[in-house]
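# Inside the fold
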Amino acid sequence: MKIRTLLLLSVFAISCKKETKTETLKINPKDSLEVTGKKEPETQKADTIVLSTKHKTKKILCDLDGDNLDETVEIFRSTKNQKSGLKITFGNGNRTDYFGFGNDILGRGFDEIDWVGIFEKAPKNEVYFDNVNEDGDIIGEEQVAEEDKIKLPNDGIFIHADESCGGGVIYLKNGKYEWIQQE
């Protein structure tokens, strides 16, 4: 576990010529939600990720875990499969999580985030709810039961398609990532 964390930290590199961040990491395709220093994947493939040049906003700071230390959330792109994803570096330096890069994100049916046009912090204590019902219809707040409304316990990550419908909020609940559908 410590060796993996040290390995991930040691492979981070910054290219001075291009002024782009690059990082070599090992992603297990079977780990659809995240790759952390907590477990060693059964099979690994080496990959390099670079900071996205497609997205206008590439980095946000937010306190996902409530420890009063900001996490750094960045949009990167895999040079191997050209799919984008999120890299979440925790403020305490003890954890880095990855979403996307060809791996399904939180069981939502997408494995990259090229479609994201709005990328910002979802503030702590804001109230959100899934605003799409089982039939795929967009519903208003008055149609949502109070117990189905979620007051964010800490900051979250708001991602949304620019100039169209679709997106959501990624947040931590009891140490596990959750998704709130927004259109």
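Note that the structure is a prediction, hence the values are computed from the model and not measured. (Residues numbered from 1 in each chain as written. Predicted model: local features only at pLDDT ≥ 70, side-chain atom pairs only at ≥ 80, totals over all residues. Heavy atoms only, no water.)

It is worth spelling out the environment of Asp104 at this point. The topology assignment puts Asp104 in the loop between strand S7 (96-100) and strand S8 (116-122). Its relative accessible area of 28% is what places Asp104 among the partly exposed residues. One polar contact links the side chain of Asp104 to the main-chain amide nitrogen of Gly109, over a distance of 3.1 Å. In terms of polar contacts, Asp104 uses its side chain to reach the backbone amide nitrogen of Phe110, at 3.4 Å. (Helix = DSSP H or I, 4+ residues; strand = E, 2+ residues; numbered from the N terminus. Buried < 20%, exposed > 50% of the residue type's maximum accessible area, 1.4 Å probe, protein only. Polar contact = N/O pair within 3.5 Å; in protein donor to acceptor, adjacent residues only side chain to side chain.)

What follows covers the nonpolar core. In terms of nonpolar packing, the biggest core is built from 21 residues, with Val73, Leu86, Ile88, Phe119, Ile157, Ile170 and Tyr177 touching the most fellow members. Listed by contribution, the elements that provide at least two residues to this core are strand S4 (59-62), strand S5 (71-78), strand S6 (84-89), S8, strand S11 (156-161), strand S12 (167-173) and strand S13 (176-181). Excluding its chain neighbours within four sequence positions, the residues that come into contact with Ile88 are Leu64, Glu71, Thr72, Val73, Arg95, Thr96, Asp97, Phe99, Ile157 and Tyr177. Core analysis: the next-biggest nonpolar cluster, separate from the first, contains 7 residues, Leu152, Phe158, Val169 and Ile180 among them. (Core = buried A, V, L, I, M, F, W, Y, C linked by side-chain atoms within 4.5 Å. Contact = heavy atoms within 4.5 Å.)

Once that is clear, we can look at the environment of Ser52. Its place among the elements puts Ser52 in the loop between strand S3 (45-51) and S4. You can call Ser52 buried: its relative accessible area is 1%. Sequence separation between Ser52 and Ile75 is 23 residues; the distance between their C-alpha atoms is 5.7 Å. One polar contact links Ser52 to His55, side chain to side chain, over a distance of 2.7 Å.

What follows concerns the pairing of S7. The element S7 is extensively covered by neighbouring structure, given that 5 of its 5 residues are classed as buried. Bridge analysis of S6 against S7 gives 5 bridges, and the strand direction is antiparallel. Its bridge partner lying in S7, Thr89 is registered against Thr96. Remark: 6 residues form the turn of the hairpin made by S6 and S7, two consecutive strands paired antiparallel; Gly93 in that turn has positive phi of roughly 75 degrees. (Pairing = 2+ DSSP bridges.)

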